Structure formats: structure tokens, C-alpha cells
Amino acid sequence: MSHQRNAAGATLRCKDGSKPLPDKPTLLADCLKAVLPICNNGNDAKDITAMVWSHKFEDTSTANIRRALGLKDAERGRRVLYIVVFRKLDPITDLSDKEFLAAWWHIVVCHYALWEKNVYHRDISPSNLMVYKTSDGRYIGVLNDFDLSSTRDSSSGQERTGTVPFMAIELLTKEVIKGEVQHLYRHDAESFLWVLTWVCLRYREGQLLRECRPLDGWLKVDAIGCRMKKNDFLITGRHKAQPSSSHLFNWKTARLCFSSLALYHTEDPDTRTVDGEVAFRMWFEQHIHKAGLPLSLLNVCVEKK
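The notes below deal with the structure included here. Since the structure is predicted, the reported quantities are computational estimates derived from the model, not experimental observations.

**Things to note about the side chain of Glu-190**
Argument step 1. Relative to the assigned elements, Glu-190 resides in helix H5 (residues 185–202).
Argument step 2. The buried charged residue Glu-190 lacks any salt bridge partner; its closest oppositely charged side chain belongs to Lys-230, at an N-O distance of 5.6 Å.
Argument step 3. Ignoring anything within four residues of it in the chain, the contact list for Glu-190 reads Ala-168, Ile-169, Leu-261, His-265 and Trp-283.

Now the structure itself:
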């Protein structure tokens, strides 16, 4: 997989992707086609990747090559080349202070709106949260990369998806690795909080800290080890964590969100019911309104090009 920037300000993405199961739009172009009608209805699900063009090179698929060579099981592990072109986006980690928190909130709202419309992203991580700048200087958060996403009509929603350091604690288990646990909204919601933590503690003025980076250990362990480290952080680590100077404001909001998440994790796992709208309002909305972000940052209109 490769990415290139062109002079027109779009992102060219070449993807050699496995063929999805029938009716499962896990490939980016297919899933975006399912998402765009939702966005055009004028609701909150508008801050997604703006796809400019896509093409599927079916004639050069590995299945066709295998059949031409007379090989058996031509369709097994089939690979197809896709080229998808987007508008130019920048990493959300480039932002600091209130601009970052506002863009992060744009994406949280967009993600929730999509989930309510049965489009499930399932891979929330810093690299999938992007921004672009409007003509009047504001930054709009964009939810990017639907490669691991699914819809209500997908054949399965229980395979493990996500990036380990940002996955919900409930998903870092042997049962999930075996595909025995359903991926719910609250799992993606928790991932947003881990992303917020990651950026607040590891980035200063849009740059990754070079020395003494907190949470480096999360990158060096497997899923079970990361679960243990996150549990420790949730119990005691978050109270001692020191954000960078450019994310002091954002960390105050993160701590409020974590207070709700920690309360959830103290409940009996067999009786936990928080999900969907309840999780959105309890973990995010009530706290973001306390943050005091200017309405000019929260009330935005997406520019169309």
C-alpha cells in the first residue's frame, strides 16, 4: 500500500487488497459508496474521507493470473489492485490545543452518526483521524480509512479489527482473538479516548516527542500485555500522567472522559449495558460541553470542492 500527494492537492492511494466476503464493503471504495448517501442527507456524518475517484483493476487480479497459468484454487486468497484518489488531508496530530480537540470532536460526532446508520469503522487510531483547513482558517476533522469497516449486512462483525494500542480493553482478550466477541459502538468510542490520551501525552506543537515518550511500552507488547498496561493506566496511571505543554487544555477534557470510562470498567463484565447513545452522551458529549470550546470551532460547515 502506498500514498502519494499530487499537485492538485489530492491523495492517491494504491491498494492491493484481498477480495472481501460477499456483500461486505471492507474495501475503501465500496464502503465510501455506502457512506456517501448518508452524508448527503445533511446530518452529522459528513466529516469523512472525500473520495475524488476510484478504479478497480479486475483484469489484473491474481485470480485471473492463476487461471491463465492453469493453477487450481484460482480464487483462493484473491488480490485485486485498487486506486483511490482523495482530497488532500493532514494528520490530526499536526494540531494542538483547542484546534485539536475541536477536530477530534468533529470526528467523534461523525463516527457516531455513521454507526447509527449501520456503518461501522472499527479501526480508530491517530493515523485514521485527519483534518483539512477551510478558506477561513478553521480545521475540519475527517474520519479516514474504511479498510476494516463493515455494515449491518456484513457476514461477520466479530473478527478482531483495530490497532492494538488504541483498541478497547474488552477487545484485548483471547476470546476476541478467536472471533468470539462482537465489536460494539462502545469499543470504537473507547478507542477515541485512547487516541486522545496518546496525542496529549506524546505530541508537542504537532511533533512527536523525541525523548521520554509516555506509553512507548504499549507498542512493545501483544494484545494481552497491552490490556494489562491499559488497566494499570485506567486505575492509577491517568492520575499521574503529564500532558505536553500544547495539550494541557485537552488533557482536562480527557480526564473527565476517563472518569466515565473508569466507572464503566468497575462494573461486572456480565452486566455491562452501556453502548450506543448512552456511551456517546456519558463518555463524550457531557464532557465536551464543559470544555468551553468556542462555537466557531464546533459549528462548522464542510466546504465542497
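**Thoughts on the nonpolar core**
Argument step 1. The biggest cluster of nonpolar side chains holds 66 residues, and the ones touching the most others in it are Trp-104, Leu-129, Phe-233 and Phe-284.
Argument step 2. Of all elements in the fold, only helix H3 (97–116), strand S6 (119–120), strand S7 (129–133), H5, helix H6 (223–240), helix H7 (248–265) and helix H8 (276–288) reach the threshold of two or more residues within this core.
Argument step 3. Considering each element in turn, this core owes the most residues, 13 residues, to H3.
Argument step 4. Beyond its immediate sequence surroundings of up to four residues, Phe-233 is in contact with Trp-194, Thr-197, Leu-201, Leu-215, Trp-218, Arg-238, Ala-241, Trp-251 and Phe-258.

**Observations regarding the pattern of salt bridges**
Pairing between side chains becomes possible if they bear opposite charge and their charged atoms approach one another.
Argument step 1. Following the criterion strictly, the structure yields 8 salt bridges and no others.
Argument step 2. For Arg-186, the salt bridge goes to Glu-170, with nearest N and O atoms at 3.1 Å. Linking Arg-186 in helix H5 with Glu-170 in the loop between strand S9 (150–151) and helix H4 (174–177), this pair joins segments that are 16 residues apart in sequence. For the pair Arg-186 and Glu-170, a shared accessibility class is recorded, and that class is buried.
Argument step 3. Residue Glu-285 is joined to Arg-281 by a salt bridge in which the shortest nitrogen-to-oxygen separation is 2.3 Å. Taken as a pair, Glu-285 and Arg-281 lie in helix H8 at a separation of 4 residues, close to a single helical turn.
Argument step 4. Residues participating in the shared-partner salt-bridge network are Glu-170, Arg-186 and Arg-272.

**A look at the pairing of S7**
Argument step 1. Counting buried residues along S7, 4 of its 5 residues qualify, which places the element largely inside the surrounding structure.
Argument step 2. As paired strands, strand S5 (residues 90–91) and S7 are joined by 2 bridges and run antiparallel to one another. Paired with Asp-90 across the bridge in S7 is Val-131.
Argument step 3. Strand direction decides the pairing type here: S7 and strand S8 (residues 139–143), joined by 5 bridges, are antiparallel. Each bridged residue has a counterpart across the sheet, and for Tyr-132 the counterpart in S8 is Ile-140.
Argument step 4. Connecting the antiparallel pair S7 and S8 is a turn made up of 5 residues, with Gly-137 showing a positive phi of about 90°.

**Considering a nonpolar patch on the surface**
Argument step 1. A cluster of nonpolar residues, Ile-65, Leu-69 and Leu-71, forms a patch on the protein surface that exposes about 310 Å² of accessible area.
Argument step 2. Tracing the chain through its elements places Ile-65 in helix H2 (residues 62–68).
Argument step 3. Relative accessible area serves as the criterion here: at 45%, Ile-65 is assigned to the partly exposed category.

**Quick word on the packing of H7 against H8**
Argument step 1. As a packed pair, H7 and H8 sit with axes 9 Å apart at the nearest point and diverge in direction by 155°. If you check the angle between H7 and H8, you find them roughly antiparallel. Crossing handedness for the pair H7 and H8: right-handed. When H7 is examined against H8, the residues Thr-253, Leu-256, Cys-257, Ser-259, Ser-260, Leu-261 and Tyr-264 are found in contact with a partner set consisting of Met-282, Trp-283, Gln-286, His-287 and Ile-288.
Argument step 2. Its residues placed into classes, the contact of H7 with H8 shows 7 nonpolar, 5 polar and no charged.

**A few points about the sheet that holds S5**
Argument step 1. Across the sheet, which stays open at both edges, the 3 strands sit in the order S5-S7-S8 with antiparallel pairing between neighbours. The open sheet has two edge strands, S5 and S8, and neither has a second partner.

**Digging into the packing of H5 against H7**
Argument step 1. Between H5 and H7, whose axes approach to 10 Å, the crossing angle comes to 140°. Between H5 and H7 lies a crossing of left-handed hand. Where H5 approaches H7, its residues Arg-186, Glu-190, Leu-193, Trp-194, Leu-196, Thr-197, Cys-200 and Leu-201 are matched on the opposing element by Asn-250, Trp-251, Ala-254, Cys-257, Phe-258, Leu-261, Tyr-264 and His-265.
Argument step 2. Of the residues assigned to the contact of H5 with H7, the class counts are 11 nonpolar, 3 polar and 2 charged.

**Notes on the packing of aromatic side chains**
Each aromatic ring pair is specified by the distance between its two centres and by the angle formed by the two planes.
Argument step 1. The final tally for this structure, using the stated rule, is 17 aromatic pairs.
Argument step 2. For the ring pair Tyr-112 and Tyr-185, a centre distance of 5.4 Å and an interplane angle of 70° mean the geometry is edge-to-face. Residue Tyr-112 is found in helix H3, and its partner Tyr-185 is found in helix H5; the two are separated by 73 residues along the sequence. Note on accessibility: Tyr-112 and Tyr-185 belong to one class, buried.
Argument step 3. An aromatic cluster of three or more residues is present, and its members are Trp-104, Trp-105, Tyr-112, Trp-115, Tyr-120, Tyr-185, Phe-192, Phe-280 and Phe-284.

Cut-off values and rules
- Residues numbered from 1 in each chain as written.
- Predicted model: local features only at pLDDT ≥ 70, side-chain atom pairs only at ≥ 80, totals over all residues.
- Heavy atoms only, no water.
- Helix = DSSP H or I, 4+ residues; strand = E, 2+ residues; numbered from the N terminus.
- Buried < 20%, exposed > 50% of the residue type's maximum accessible area, 1.4 Å probe, protein only.
- Lys, Arg positive; Asp, Glu negative; His and termini not counted.
- Salt bridge = Lys/Arg side-chain N within 4 Å of Asp/Glu carboxyl O.
- Contact = heavy atoms within 4.5 Å.
- Core = buried A, V, L, I, M, F, W, Y, C linked by side-chain atoms within 4.5 Å.
- Pairing = 2+ DSSP bridges.
- Patch = residues over 30% accessible without salt bridge, like charges linked within 9 Å, V, L, I, M, F, W, Y side chains within 5 Å.
- Areas by Shrake-Rupley, 256 points an atom, 1.4 Å probe, with all protein chains shown as cover.
- Axes fitted to C-alpha atoms, helices over the stretch in contact; angles between N-to-C directions.
- Parallel < 35°, antiparallel > 145°, perpendicular 65-115°, else oblique.
- Left-handed = near helix turned anticlockwise from the far one by under 90°.
- Nonpolar A, V, L, I, M, F, W, Y, C, P; charged D, E, K, R; others polar.
- Phe/Tyr/Trp six-rings, centres within 6.5 Å; stacked < 30°, edge-to-face > 60°.

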